[in-house]
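Read off the chains here:
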Amino acid sequence: MQVKLTGISHVFPGTSDLFHGLSLTLTGGELVALTGPSGSGKSTLLSLLAGWEAPTKGVIAWDGVRTVGWVFQNPFGVPGRSAVDHVALPLLAHGVNRKDATCQAMELLERFGLVALARRDYAMLSGGEAQRLMLARAVAKHADLLLVDEPTAQLDPTASDTVNRVLAQVTDGTMITVVATHNPETAAACGKIIDLIHQPGVLP
């Protein structure tokens, strides 16, 4: 599985290029951090990787990538639904029966340190717990490419540390996971770092 960017340039009307001739290759099993200050193009690059936007110039090729998952900066769930329901839902959508979906969801909640909160309503979760729940739900979707946008931006240091510890558990050996972050600890939790300020082909 692979996503290959060749000679990517992107510009919004009335602005200068965010990228110019950017070339990258992302492969299955990688956990990749996109770093750089606000305005450096992290979220834009996630949109390009997802195919939501087309680059101004260049080519993006997806090899073996059929599904894309997102974990947004501000986690969004159903207030009155339990944590386990949030993780079981994508499994049910893939045709797993209710009993097996609940069992698999509980295994994922345990993996992300949330099993004790399985029956708790989403509205009762802290920010860090909600962010970990969204990561667990994303894994349950079995996406080929998972895009995570600033997972610790709204969290206190303790919650951020918890999320950073579980990030390494997100990839399953085949999925490509790309995390946009300005947090050095979050970047350090990833196996590969792409600095959008110092990366060749990115304008300063």
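Residue numbers run consecutively from 1 along every chain, following the written order of its sequence. Note on the predicted model: pLDDT of at least 70 is required for a residue's local features to be given, and 80 or more for side-chain atom pairs to be given and counted; whole-chain, interface and lining totals, by contrast, use all residues. Computation of side-chain values: all heavy atoms of the structure, hydrogens and water removed.

Assigned secondary structure in the protein chain consists of six helices and eight strands. Helix and strand assignments come from DSSP, with helices taken as H or I runs of at least 4 residues and strands as E runs of at least 2, each series counted from the N terminus. Secondary structure elements of the protein chain occur, N-terminal to C-terminal, as β-β-β-α-β-β-α-α-α-β-α-β-α-β. For 204 residues, the compact-globule formula gives about 17 Å, and the C-alpha radius of gyration of the protein chain, at 17 Å, lands near that figure. Each of the three principal axes of the protein chain carries a C-alpha extent, and together these read 50 × 35 × 30 Å. Looking at the protein chain residue by residue over its 204 residues, the buried ones come to 48%. Here the analysis covers contacts within the protein chain between residues at least 6 apart in sequence; of these, 72% occur between residues at least 24 apart. Of the accessible surface of the protein chain, which amounts to about 9,600 Å², a share of 55% is contributed by carbon and sulfur atoms. We take the radius of gyration over the C-alpha atoms and set the globule estimate at 2.2 Å times the residue count to the 0.38 power. Each residue gets one of three labels from its accessible area relative to the maximum for its type: buried under 20%, exposed over 50%, partly exposed in between, using a 1.4 Å probe on protein chains only. Any two residues whose heavy atoms approach within 4.5 Å at even a single point are treated as in contact. Using a 1.4 Å probe, the Shrake-Rupley method yields the accessible areas, and only the shown protein chains count as cover for residues.

For the pair helix α2 (residues 83-93) and helix α3 (residues 98-111), the least separation of the axes is 8 Å and the interaxial angle reads 125°. The orientation of α2 relative to α3 falls into the category oblique. Read as a crossing pair, α2 and α3 show a hand that is right-handed. Counting all contacts with α2, which are made through Ala 83, Val 84, Asp 85, Val 87, Ala 88, Leu 91 and Leu 92, the residues of α3 involved are Arg 98, Ala 101, Thr 102, Gln 104, Ala 105, Met 106, Leu 108 and Leu 109. When residues are sorted by character, Ala, Val, Leu, Ile, Met, Phe, Trp, Tyr, Cys and Pro go into the nonpolar class, Asp, Glu, Lys and Arg into the charged class, and all the rest, Gly among them, into the polar class. Classifying every residue of the contact of α2 with α3 by side-chain character gives eleven nonpolar, two polar and two charged. The axes are straight lines fitted to the C-alpha atoms, using for helices just the contacting stretch, and the angles between their N-to-C directions are given from 0 to 180°. We call two directions roughly parallel when the angle between them is under 35 degrees, roughly antiparallel when it is over 145, roughly perpendicular when it lies between 65 and 115, and oblique otherwise. In this scheme the crossing of two helices becomes right-handed for a clockwise turn of the near helix relative to the far one and left-handed for an anticlockwise turn of less than a right angle.

What follows concerns the environment of Ala 187. Relative to the elements of secondary structure, Ala 187 occurs in helix α6 (residues 184-188). Taking the C-alpha atoms as reference, Ala 187 lies 23 Å from Phe 76; in sequence the two are 111 residues apart. Dropping the residues within four chain positions of it, Ala 187 is found in contact with Ala 33, Thr 35, Thr 181 and Ile 193.

So, about the pattern of salt bridges. Each salt bridge in this description consists of a side-chain nitrogen of Lys or Arg and a carboxyl oxygen of Asp or Glu lying within 4 Å of one another. Counted under the stated rule, the structure contains five salt bridges. Here Asp 144 and Arg 66 are joined by a salt bridge, their closest N and O atoms 3.6 Å apart. With Asp 144 in the loop between α4 (127-140) and β6 (145-149) and Arg 66 in the loop between β4 (57-63) and β5 (68-71), the pair connects residues that are 78 residues apart, well separated along the chain. Classification of Asp 144 as buried rests on a relative accessible area of 6%. A salt bridge links Asp 85 to Arg 98, with the nearest nitrogen and oxygen atoms 4.0 Å apart. With Asp 85 in helix α2 and Arg 98 in helix α3, this pair connects stretches of sequence that are 13 residues apart. Each of Arg 81, Asp 85 and Arg 98 takes part in one network of salt bridges that share partners.

Here we come to the sheet that holds strand β1 (residues 2-10). Sheet architecture is open: three strands sit in the order β2-β1-β4, paired in antiparallel fashion. Both edges of this open sheet fall to β2 (19-27) and β4, since each of them pairs with a single strand only. Strand-to-strand twist across the sheet, computed as the mean angle between neighbouring axes with direction ignored, equals 10°. Only strands that DSSP links by at least two bridges are regarded as paired with each other. Two elements, β1 and β2, share six bridges in a ladder whose sense is antiparallel. If you follow His 10 over to β2, its bridge partner there is Phe 19.

What we call a nonpolar core is a set of buried Ala, Val, Leu, Ile, Met, Phe, Trp, Tyr and Cys residues that are connected through their side-chain atoms within 4.5 Å. The biggest cluster of nonpolar side chains holds 38 residues, and the ones touching the most others in it are Val 87, Phe 112, Leu 133, Leu 135 and Val 170. At the level of elements, β3 (31-35), α2, α3, α4, β6 and α5 (157-167) are the ones that each hand at least two residues to this core. The biggest single contributor to this core is α4, with eight residues. Once residues within four sequence positions are removed from consideration, Val 87 is found in contact with Ala 105, Leu 108, Leu 109, Leu 133, Ala 136, Arg 137 and Ala 140. Among the nonpolar cores identified, the runner-up in size contains 25 residues, and Leu 18, Leu 22, Leu 49 and Val 178 belong to it.

So, to be careful, I would describe these as geometric facts and stop short of saying anything about function.
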